[in-house]
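# A closer look at the structure
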Amino acid sequence: MTLIRRERRAHVEIWTLDRADRLNALPDLEDGEAFAAACEAVNADREVRCVVLTGAGRAFSAGGDLKAMQQRRDLFAGSGAEIRERYRRVVHRIVRSLYGLEVPLVAAVNGPAMGLGCDIAGLADIRIASETASFGVPFLKLGILPGDGGAWLMPRNVGYARAAELLFTARTLDARTAMEWGLISRVVAPERLMDEALEIANEVAARAPEALRMTKALLRQGRDATFDQILEMTAAMQALAHLTEDHAEGVAAALEKRAASFSGD
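Residues numbered from 1 in each chain as written. Predicted model: local features only at pLDDT ≥ 70, side-chain atom pairs only at ≥ 80, totals over all residues. Heavy atoms only, no water.

With the rule as written, the count across this model stands at 25 salt bridges. In this structure, glutamate 13 and arginine 8 form a salt bridge, with 3.6 Å as the shortest nitrogen-oxygen distance. Judged by its relative accessible area of 38%, arginine 8 is partly exposed. Among the salt bridges present, the one from aspartate 125 reaches lysine 216, with a minimum N-O distance of 2.8 Å. Taken together, the residues span a long stretch of sequence, with aspartate 125 in the loop between helix H4 (116–122) and strand E6 (126–130) and lysine 216 in helix H9 (residues 209–222) at a distance of 91 residues. (Salt bridge = Lys/Arg side-chain N within 4 Å of Asp/Glu carboxyl O. Buried < 20%, exposed > 50% of the residue type's maximum accessible area, 1.4 Å probe, protein only. Helix = DSSP H or I, 4+ residues; strand = E, 2+ residues; numbered from the N terminus.)

So this is what it looks like as structure tokens:
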């Protein structure tokens, strides 16, 4: 079964983690390729302007398969060197692919998001959650550490002190607390989750697509670049944006007091 079920609605793609019988546990050995293929396809398709990621069934993703860990199979089989290489080839390919997604990613967290599942949600640009969602990075409870880049990601999402508290205690946050901490921006009723996510995604997708991709790139680079470096990148990208037909359309629409219709040109 393919891990990611993809659906297109106009300029928005919906990705559903489709392993509900296992609470969308991941990663299986083929999951790195699944995420890479989906991200590469969207990056190459200029008609896609936003992606919504959610989970099938009652979980977003329960994270690692504990039985596979106990039995030392699949990702966890063999020597330390073999396990390290699988983390690079599978786990790191997942998070690198999502971090490199060029269009905005909206996470619609429908249930528990644990371990790698929590950090996958954390890689989204916009994160909303159902009232039934929960979040945790319980690696230390299992005697392991965040092998998916979570030690880099979580402080950037919630600040160092709260990231340390989450990682060191292995505590689980409910959706309301996750919102208070800044891990998500909105909590909604379960039956409203996808409607809310798609409303946001459609609003994002209504923007000029090339400028949208460049703005996301600036936000990503802004996490680590200096202010001067971002200004240089901005000047280069802005020069390109000023020469697009979408810029002309945006200005005309503003002056004519109507909604712009962007083509991607």
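Sheets are built from strands paired through backbone hydrogen bonds, the pairs being either parallel or antiparallel. Strand order in the open sheet formed by three strands is E5-E7-E8, and the pairing between neighbours is mixed. The open sheet has two edge strands with one neighbour each: strand E5 (112–114) and strand E8 (172–174). Between one strand axis and the next, the sheet turns by 15 degrees as a mean value, whatever way the strands run. (Pairing = 2+ DSSP bridges. Axes fitted to C-alpha atoms, helices over the stretch in contact; angles between N-to-C directions.)

Taken together, the side chains of Leu66, Leu142 and Ile144 make up a nonpolar region of the molecular surface, amounting to roughly 250 Å² of accessible area. Its relative accessible area of 43% is what places leucine 142 among the partly exposed residues. (Patch = residues over 30% accessible without salt bridge, like charges linked within 9 Å, V, L, I, M, F, W, Y side chains within 5 Å. Areas by Shrake-Rupley, 256 points an atom, 1.4 Å probe, with all protein chains shown as cover.)

Right, let's talk about the packing of H9 against helix H10 (residues 227–242) for a bit. Where H9 contacts H10, the two axes come as close as 11 Å, and the packing angle between them is 175 degrees. By the angle between their directions, the pair H9 and H10 is classed as roughly antiparallel. For the pair formed by H9 and H10, the contact residues are Met214, Ala217, Leu218, Gln221 and Gly222 on the first element and Ile230, Met233, Thr234, Met237 and Ala241 on the second. Considering only residue class, the contact of H9 with H10 consists of seven nonpolar, three polar and no charged. (Parallel < 35°, antiparallel > 145°, perpendicular 65-115°, else oblique. Contact = heavy atoms within 4.5 Å. Nonpolar A, V, L, I, M, F, W, Y, C, P; charged D, E, K, R; others polar.)

Before going further, it helps to examine the sheet that holds strand E3 (residues 50–55). Taken together, six strands build an open sheet; the order of strands is E1-E2-E3-E4-E6-E9 and the sheet is mixed. One side of each edge strand has no neighbouring strand; the edge strands of this open sheet are strand E1 (4–9) and strand E9 (186–188). Sheet twist, expressed as the mean angle between neighbouring strand axes with direction ignored, is 20 degrees. With six bridges joining them, E1 and strand E2 (residues 12–17) adopt antiparallel strand pairing. Paired with arginine 6 across the bridge in E2 is tryptophan 15. Where helix H1 (residues 31–44) meets the sheet, it contacts E1, E2 and E3, and its direction lies at approximately 15 degrees from that of E1.

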